[in-house]
Amino acid sequence: MKLPKAVLRQCSRHLRPQNSWLLQPRLQSAKSIIPASSSLSTPWRPSRTYATTTTTVSAADLEFGQPVYETHPHILQPGELTPGITAQEYHERRSKLAFALPENGIAILASSELKYRSGAVFFPFRQDSNFLYLTGFSEPDSLAIIQKTGPKPGDYVFHLFCRPKDPRAEQWSGPWSGLQAAEDVFNADFTGDIAKIETLLPPILRGASKVYSDITPSTPVTGSLITTLLSHLHLSPAPLAGLVHSIRAIKSPAEISNMRHAGRVSGRAITSAMRRAWSSEKDLESYLNYAFTSHGLSGPAYVPVVAGGARGNMIHYVHNTRLLKQDEMVLVDAGGEYGTYITDITRTWPVNGKFSPAQRDLYEAVLTVQRQMVSLCRENASLSLDQIHRATEAGLREQLTLLGFDLSGGGGKMDVLFPHHVGHYVGLDVHDTPGYSRGLTLRQGHAVTIEPGVYVPVDDERFPEHFRGLAVRIEDSVVVDVESPLILTTEAVKEMVDIEALRE
């Protein structure tokens, strides 16, 4: 669309709602019209309509740096800033972080930068997860500040500094949201041009008792400037990531719904793939990526593993370029993403659709332990991921001994057969909330993976010959509830009878 030549007039702002009110993006419908002659000092009610000095423009006719409800009603519901997550929830997240800060504390977060693949070829932009979690704003060259103003939840001020609208630049790079949308859509209390941060930031920092930030001098765009300002003001920033991760680790119902949707679609895609005979790893990978996207996900959540035969022994084999042999198994670690929330699934199945005796025995051993460990993902079990990992090692040792593996005498045999942890946290990232301890007791709302595996080297004579070269990993994404786990990926079949029945 063609942007109006006149500069968009700033809409009047609104005070932060009380906790009993539902927070929405401030612009909600295109029905109201703000007269071009209106004074900015006159109170005005929210609308998704913008007034210029010459005309009135519906929000549906504008371009933003990311989907908003008016432009993308096929993606977002009213009140949502990102798929499944409302403006109210983003406010509540900022409120939780502000409540955790000391009196007059400030948190500063920098956006991600655009990453380049090679030369002038860039990757799709992906916002920093902590920045996205607190703002819903998905643009580079941005800075978010959450400033605690009082002792109660909701006592904070939200500053969002970003790029102002620039039609000439946007003609080349695509649209971005601009300062008005930072307030009216993303509910910033104050905003400003990121290029003027040197003058805008000091007045905010001078009143800070403590600053929390993970910005370093090497942080793109603002890092050097901010670290210099903090030094001049004798403010030594404390790490922020740990505070944010402690909030992110417990998933809200909306987050769980997003992850369940990603798991449902991804699981069905993997089950559909099991029905077919594949001749190459690349064909199977391409099918899964297409299936994720064509059924409503934004695409793959990570580079998948599609490993035929003994290549499954390489935990993160992602070349996915070899041909598949009919007498081998294929190990697939793949999942899709919805609303930037991911799912993580691994399934292993015979290429020809029928387990051989050795494949069947090893698969059943891993599946038995995986079922047991998933059942422990409940709050009333009072276990941590580290404790579940130790139980997994014990369970696999027992199952493998029954299959004739001699695991006595030390020598690190179990470290060869099961070299990785049984699980990790999942959410906005595949390995979510890095640094958040796996030694903490699991609580309702934690989201984790459970992924035991056995990887038998081709040439290790310490292990039974008929199992050598086999690799089995079975992984589900699971949300911890009080009395039972919620398996997010149950549509991906894993019982041997079900896998074999798919080809009948």
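Owing to the predicted nature of the structure, the values given are computational and were not obtained by experimental measurement.

### Some details on the sheet that holds strand β11 (residues 210-213)
On the basis of which strands lie adjacent, the open sheet formed by five strands has the order β10-β9-β8-β5-β11 and mixed pairing. This sheet does not close on itself; its edge strands, each paired only once, are β10 (190-193) and β11. Between one strand axis and the next, the sheet turns through 20° on average, direction left out of account. In the sheet, strand β9 (residues 156-162) pairs with β10 via four bridges, with the strands oriented parallel. Bridging from a neighbouring strand, histidine 159 pairs with phenylalanine 190 of β10.

### What to know about unusual backbone geometry
In most cases, non-glycine residues show a negative phi, while peptide bonds are predominantly trans. Residue histidine 234 is not a glycine yet carries a positive backbone phi of 60°. Turning to its location among the elements, histidine 234 is positioned in the loop between α7 (223-232) and α8 (241-248). The exposure class assigned to histidine 234 is exposed, which follows from its relative accessible area of 75%. Despite not being glycine, threonine 340 has its phi angle at roughly 70°, a positive value. Locating threonine 340 in the fold gives a position in the loop between β15 (336-338) and β16 (341-342). Taking the relative accessible area as the measure of exposure, threonine 340 reaches 17% and is therefore buried.

### What to know about the pairing of β9
Of all seven residues making up β9, seven are buried, and the element is well covered by its neighbours. Neither face of β9 is open: one carries Tyr156, Phe158, Leu160 and Cys162, the other Val157, His159 and Phe161, and all of them are buried. Where strand β8 (residues 143-148) and β9 come together, six bridges link them in antiparallel fashion. If you follow glutamine 147 over to β9, its bridge partner there is valine 157.

### What to know about α8
All buried positions along α8 are accounted for by Val244, His245, Ile247 and Arg248. The buried residues of α8 occupy an angular sector of 160° when the element is viewed end-on, so they sit on one face.

### Regarding the packing of helix α9 (residues 253-274) against helix α10 (residues 281-294)
Helix-helix packing: each pair is described by the crossing angle between the helix axes and the interaxial distance. One can describe the packing of α9 onto α10 by two numbers: an axis separation of 9 Å at closest approach and a directional angle of 145°. For α9 against α10, the interelement crossing comes out right-handed. On α10, the residues touching Val265, Ser266, Ala269, Ile270, Ser272 and Ala273 of α9 are Leu284, Tyr287, Leu288, Ala291 and Phe292. Among the residues forming the contact of α9 with α10, the class breakdown is nine nonpolar, two polar and no charged.

### Here's the deal with the nonpolar core
Ranked by size, the top nonpolar core spans 63 residues in total, and within it Leu284 and Leu288 carry the most contacts. The element contributing the most residues to this core is helix α11 (residues 357-375), with eight residues. Not counting residues up to four positions away in its chain, the partners in contact with leucine 284 are Ala273, Trp278, Val306, Val330, Val332 and Trp349. Membership of the second largest hydrophobic core comes to 47 residues, among which are Leu109, Ile146, Phe158 and Ala301.

### Some thoughts on the packing of helix α1 (residues 87-100) against α8
Relative orientation of the contacting elements α1 and α8 amounts to 130°, with a least axis distance of 10 Å. Taken together, α1 and α8 sit at an angle that is classed as oblique. Viewed along their axes, α1 and α8 form a crossing whose handedness is right-handed. Two secondary-structure elements touch here, α1 through Lys96, Leu97 and Ala100 and α8 through Leu243, Val244 and Ile247. When its residues are assigned to classes, the contact of α1 with α8 shows five nonpolar, no polar and one charged.

### Considerations on the environment of isoleucine 474
Note on placement: isoleucine 474 falls in the loop between β20 (471-473) and β21 (476-480). Between the alpha carbons of isoleucine 474 and glutamate 451 there is a distance of 5.4 Å; along the sequence they are 23 residues apart.

### With respect to α7
Taken together, the buried positions of α7 are Gly223, Ile226, Leu229 and Leu230. All buried residues of α7 lie within an arc of 135° about the axis, which places them on one face of the element. In this structure, the buried side of α7 is in contact with β5 (105-110), β8, α6 (202-205) and β11. Once α7 ends, the next one or two residues include histidine 234, with phi positive near 60°.

### Topic: the pattern of salt bridges
One pass over the full model with this rule turns up 20 salt bridges. Residue arginine 248 is joined to aspartate 432 by a salt bridge in which the shortest nitrogen-to-oxygen separation is 2.5 Å. Here arginine 248 is found in helix α8, whereas its partner aspartate 432 is found in the loop between α13 (413-417) and β18 (447-450), with 184 residues between them in sequence. By the burial criterion, arginine 248 is buried, and aspartate 432 matches it. With a closest N to O distance of 2.8 Å, aspartate 476 and arginine 347 form a salt bridge. In this pair, aspartate 476 sits in strand β21 while arginine 347 sits in strand β17 (residues 345-350), placing the two residues 129 residues apart along the sequence. As far as burial versus exposure is concerned, aspartate 476 and arginine 347 are alike and both buried. A cluster of three or more residues bridged by salt bridges with shared partners is formed by Arg126, Arg248, Lys251, Asp429 and Asp432.

### Overview of the sheet that holds β21
Sheets are built from strands that pair by backbone hydrogen bonding, the pairs being arranged parallel or antiparallel. Pairing is antiparallel across the open sheet formed by three strands, whose spatial order is β18-β21-β22. Pairing within the sheet leaves two strands with one partner each, and these edge strands are β18 and β22 (485-487). When strand polarity is set aside, the average angle formed by the axes of neighbouring strands in this sheet is 35°. Pairing geometry for β18 and β21, over four bridges, is antiparallel. Bridging across to β21, threonine 449 finds its partner in serine 477.

### Some points on the confidence of the model for the protein chain
Averaged over all residues, the pLDDT of the protein chain is 90; the fraction at 70 or higher stands at 89%. Between residues 1-22, whose pLDDT stays under 50, and residues either more than four places distant or in other chains, the model counts 57 contacts. Taken together, the stretch residues 27-48 has pLDDT below 50 and engages in 54 contacts with residues farther than four places along the chain or on a different chain.

### Focus: the pairing of strand β14 (residues 329-334)
Counting buried residues along β14, six of its six residues qualify, which places the element largely inside the surrounding structure. Going residue by residue along β14, you find Met329, Leu331 and Asp333 tucked away on one face and Val330, Val332 and Ala334 tucked away on the opposite face as well. Sheet topology places β14 next to β17; six bridges connect them, and they run antiparallel. Across the sheet, the residue bridging to alanine 334 is isoleucine 345, located in β17.

Cut-off values and rules
Residues numbered from 1 in each chain as written. Predicted model: local features only at pLDDT ≥ 70, side-chain atom pairs only at ≥ 80, totals over all residues. Heavy atoms only, no water. Pairing = 2+ DSSP bridges. Helix = DSSP H or I, 4+ residues; strand = E, 2+ residues; numbered from the N terminus. Axes fitted to C-alpha atoms, helices over the stretch in contact; angles between N-to-C directions. Buried < 20%, exposed > 50% of the residue type's maximum accessible area, 1.4 Å probe, protein only. Arc of directions from axis to C-beta. Left-handed = near helix turned anticlockwise from the far one by under 90°. Contact = heavy atoms within 4.5 Å. Nonpolar A, V, L, I, M, F, W, Y, C, P; charged D, E, K, R; others polar. Core = buried A, V, L, I, M, F, W, Y, C linked by side-chain atoms within 4.5 Å. Parallel < 35°, antiparallel > 145°, perpendicular 65-115°, else oblique. Salt bridge = Lys/Arg side-chain N within 4 Å of Asp/Glu carboxyl O. pLDDT = per-residue confidence, 0-100.

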